[in-house]
Amino acid sequence: MGELLSRLVYLIKNGMPKEPYKMVLVVRTDILMTKGKVASQCSHAAVECFSKSSKNIMQKKNVESWMFLGQPKIVLKINSEDSIIKLSDDAKKIGLVTSLIRDAGRTQLEPGTISVLGIGPGPNRLIDKITSHLKLL
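Every chain is numbered independently, its residues counted from 1 as its sequence is written. Restriction of local features to residues with pLDDT of at least 70 applies here, the model being predicted, together with a cutoff of 80 or more for giving and counting side-chain atom pairs; totals for whole chains, interfaces and linings are based on all residues. Based on all heavy atoms of the structure, the side-chain values leave hydrogens and waters out of the count.

Draft legend 1. The pairing of strand 1 (residues 21–28), seen in detail. Each residue's exposure class comes from its accessible area (1.4 Å probe, protein chains only) as a fraction of the maximum for that residue type: buried when under 20%, exposed when over 50%, partly exposed otherwise. Strands are runs of DSSP state E lasting at least 2 residues, helices are runs of H or I lasting at least 4, and numbering of each runs from the N terminus. For strand 1, the tally of buried residues reaches 8 of 8 residues, placing the bulk of the element in the interior. Burial of the side chains of strand 1 extends over both faces: Tyr21, Met23, Leu25 and Val27 are buried on one face and Lys22, Val24, Val26 and Arg28 on the other. Any two strands are treated as partners once DSSP identifies two or more bridges connecting them. With 6 bridges connecting them, strand 1 and strand 4 (residues 114–123) associate as antiparallel partners. Directly across from tyrosine 21, in strand 4, lies its bridge partner proline 123.

Draft legend 2. Structural detail: the side chain of threonine 113. Summarising the element assignment, threonine 113 is placed in the loop between strand 3 (98–102) and strand 4. Distance and chemistry together define a polar contact, namely a pair of N or O atoms within 3.5 Å, with one atom able to donate a hydrogen and the other to accept it when in protein, and with adjacent residues in sequence counting only for side-chain atoms on both sides. Within polar-contact distance, the side chain of threonine 113 engages the backbone oxygen of glutamate 110 at 2.7 Å. Contact definition: two residues touch when any of their heavy atoms are within 4.5 Å. Residues in contact with threonine 113, not counting those within four places in the same chain, are Arg28, Ile31, Ile101, Arg102 and Asp103.

Draft legend 3. The packing of helix 1 (residues 2–14) against helix 3 (residues 60–68), seen in detail. Relative to each other, helix 1 and helix 3 sit at 130°, their axes nearing to 10 Å. Taken together, the axes of helix 1 and helix 3 are oblique relative to one another. Note that helix 1 runs across helix 3; the crossing there is left-handed. Side by side, helix 1 and helix 3 meet where Arg7, Tyr10, Leu11, Lys13 and Asn14 of the first sit next to Glu64, Ser65, Met67 and Phe68 of the second. Under this scheme, a helix contributes an axis fitted over its contacting stretch, all axes are lines through C-alpha atoms, and angles between N-to-C directions fall in the 0 to 180 degree range. Small angles under 35 degrees read as roughly parallel and large ones over 145 as roughly antiparallel, with 65 to 115 read as roughly perpendicular and the rest as oblique. Left-handed describes a crossing in which the near helix is turned anticlockwise from the far one by less than a right angle; the clockwise case is right-handed.

Draft legend 4. Structural detail: the state of the cysteines. Note that a disulfide, as used here, is simply two cysteine sulfur atoms within 2.5 Å. The final tally for this structure, using the stated rule, is 0 disulfides. We note that cysteine 49 lacks a disulfide partner, and the nearest cysteine sulfur, in cysteine 42, lies 11 Å from it. Owing to a relative accessible area of 0%, cysteine 49 belongs among the buried residues under this scheme.

In structure tokens:
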């Protein structure tokens, strides 16, 4: 019931979102991680992106629209640290929220290893500008 009520309140305040929104999680495939580790790292990125976006007044509309639309998340793959850092920089340049996850090094990865990049939530058209060349994980 709470979910339905929050969607109704959103519709009354804002109307239907004018465009689709999503969050993208980009996973490095050049480092060895188990499925569980990938899931954990993606979770860190998603929570961090949501937290950053929720605290930013400029991102409030993106978060609300994304929440209303069911919080779509897409997981993509990338094959190098340099590529994931460049992608993060490109996302920031066009005003998207990012979260670059560096592992603590307690299990499978060396401390500080960049494993996942979270981007968004944001309009699909902006996120697709910088990620459309990547394949699904």
